[in-house]
Amino acid sequence: MRENLQHPIFQIIRDLADREQVDCYVIGGYVRDRIMGRPFKNDVDVVVVGSGIDFASKLGEQLHTKVAVYKNFGTAMLVHDNINIEFVGARKESYRSNSRNPSVEDGTLEDDQHRRDFTINAMAYGLNAQNFGQLLDPFHGRQDIELRTIRTPLDPDITFSDDPLRMMRAVRFASQLGFKIDALALASMVSKAERIQIISKERIIEELNKIVLSPKPSVGFRYLFDTGLLKLIFPAMQDLHGVDVIDGRGHKDNFYHTLEVLDNIAEYSSDLWLRWAAIMHDIAKPATKRFDKRAGWTFHGHEDRGAKMVPKLFAELKLPLNDKMKFVQKLVQLHLRPIVLAQDIVTDSAVRRLLFDAGNDIDALMALCHADVTTKNAYKKRKYRDNFELVKQKLRDVEERDQIRNWQPPVTGEDIMELFDLKPGRIIGKIKNAMREAILEGDVANTRESALKFVLQQGESLGLVRKNTAKL
């Protein structure tokens, strides 16, 4: 395994460890990823049998590198050659049933491996001269990599009860790596799911975002659903599940539809917020579901209701309430518009209005709508997607000609006040709105000259008189 420790920093740690007569091991994600042949992410965890802080401080002196010390956690970190190296003393932990804070004491490497979350993260490479590069794998993590299985080193009831966030981490690794969760671990997660409620929402959303960003997020969300974790951490998404049937007529299961849309988006983009828009796009369907004897099941207005739900859901999940939230909200609000366009004759006016409302987010919106086509009917899917290509071309043509994206009025409110010697008031807004509607309808060109002519006509129709001295 020496080939996995080729970087000079490992030789430097080896030599210092031998001089100081300290046992050191690289452990966790670095070892796992080396064995799996995954890209090196520039993060290395080193376990020191003794004081990790003392060892890191001596290494920092040798490398003339600043060392960040976190005494509360017993860890220290330094950066060398763009590699983040964290040092921790080997320890063993015990937990009380009502707390996430462990009782910690010094321990051996074996003690430290016992406290690790999963077998694939409990493997270590020796860093001293006598065992340099030797794999220490007491729980058969390498075999679990070959079996593509997430398994706990100890009884999963102990592992998950001690730190309930490990249940989210199990789902995250399964989703990121395409692994399955061991049957015993899965059964334990079902029985221990309620304990996730002692974990802060900030730590939960950090893991949930990693699941959302995984190559096929539906893997993770299915595990969250099956274990009962989803209804505890994100009940609004859980509520999408299920099919009601009246008079033999049912609707599609909106939970599994949402997972399909999310996976479709994941194939197109790694943007976290576009993926959240996919998750939220039908979030209001349970609240708007109605049965009509003629039309069957309807979800009228779910896009408007969903957009109103987004800020509250972001707040509950501890997601940012900034432009990221507004982006998701906008896409939820608009996600039906391109679909309606694709189903009908595409008019320039409808395209202008879509460009006006979507602005620079039009490409993301079109990607979401393309992903939203999940019908199993091959003819319908091909028809919808062919129509989307026509809509995209129409969007390009109209934007090139009319420049509506991120539209700014060619005649401003200040211009109107100058033209007619007016003070701020409702009449200014009335004229501006009329101008905007005329441009969007295509009745007036999106140029200053055409807009000024229209504004003057509007003013005259309202009994306003242009100032002779206006210089516009």
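Residues numbered from 1 in each chain as written. Predicted model: local features only at pLDDT ≥ 70, side-chain atom pairs only at ≥ 80, totals over all residues. Heavy atoms only, no water.

> Got a minute to help me understand the pairing of strand S1 (residues 24-27) in this structure?
If a strand is regular, its side chains alternate between the two faces of the sheet. With burial as the criterion, each face of S1 is covered, one bearing Cys-24 and Val-26 and the other bearing Tyr-25 and Ile-27. By the bridge criterion, four bridges tie S1 to strand S2 (residues 43-48) in an arrangement that is antiparallel. When the sheet's bridge partners are listed, Tyr-25 is paired in S2 with Val-47. Of the pairings in the sheet, the one linking S1 to strand S8 (residues 124-126) comprises three bridges and is antiparallel in character. For Ile-27, the partnering residue across the bridge sits in S8 and is Ala-124. (Buried < 20%, exposed > 50% of the residue type's maximum accessible area, 1.4 Å probe, protein only. Helix = DSSP H or I, 4+ residues; strand = E, 2+ residues; numbered from the N terminus. Pairing = 2+ DSSP bridges.)

> I keep staring at the environment of Ser-450 and nothing clicks. Help me out?
Residue position: Ser-450 is located in helix H24 (residues 448-461). In the structure, Ser-450 is positioned 15 residues away from Met-435 in sequence and 9.9 Å away in space, judged by C-alpha atoms. Among all residues touching Ser-450, those that are not within four sequence positions of it are Val-444 and Ala-445. (Contact = heavy atoms within 4.5 Å.)

> Sorry if this is basic, but what is going on with the sheet that holds S8 here?
For sheets, the rule is that strands pair by backbone hydrogen bonds, running either parallel or antiparallel. Overall, mixed pairing links the seven strands, which are arranged S3-S4-S5-S2-S1-S8-S9 in an open sheet. Looking at the sheet topology across the chains shown, the edges are occupied by strand S3 (67-70) and strand S9 (135-136). Against the sheet, helix H2 (residues 29-36) makes contact with S1, S2, S8 and S9, and its axis sits at roughly 60° relative to S1, the strand it touches most. (Axes fitted to C-alpha atoms, helices over the stretch in contact; angles between N-to-C directions.)

> What is the right way to read the packing of helix H20 (residues 362-371) against helix H21 (residues 378-402) from this model?
In helix packing, the relevant descriptors are the interaxial angle and the interaxial distance, both defined with respect to the helix axes. Put simply, H20 and H21 touch, their axes get as near as 11 Å, and they point 170° apart. In terms of orientation, H20 lies roughly antiparallel with respect to H21. Mapping the contact onto sequence places Ile-362, Met-366, Cys-369 and His-370 in H20 and Arg-385, Phe-388, Val-391, Lys-392 and Leu-395 in H21. Within the contact of H20 with H21, the residues separate by chemical class into six nonpolar, one polar and two charged. (Parallel < 35°, antiparallel > 145°, perpendicular 65-115°, else oblique. Nonpolar A, V, L, I, M, F, W, Y, C, P; charged D, E, K, R; others polar.)

> Is there a simple way to explain the side chain of His-257 in this structure?
Checked against the element boundaries, His-257 lands in helix H13 (residues 254-268). Looking at His-257, its side chain comes within polar contact range of the side chain of Thr-374, at 2.9 Å. Every residue in contact with His-257, bar those within four places of it in the chain, is listed here: Lys-252, His-281, Asp-282, Asp-372 and Thr-374. (Polar contact = N/O pair within 3.5 Å; in protein donor to acceptor, adjacent residues only side chain to side chain.)

> What is the right way to read the pairing of strand S4 (residues 75-80) from this model?
In this sheet, S4 lies alongside S3 in antiparallel orientation, the contact comprising four bridges. Across the sheet, the residue bridging to Ala-68 is Met-77, located in S4. Hairpin connection between S3 and S4: a loop of four residues separates the two successive antiparallel strands, and Gly-74 in this loop has a positive phi of roughly 65°. Bridge count between S4 and strand S5 (residues 83-89): six bridges; the pairing is antiparallel. Residue pairing for S5: His-80 is matched across the bridge by Ile-83. Where S4 hands over to S5, the hairpin turn is made up of two residues, of which Asp-81 adopts a positive phi near 55°.

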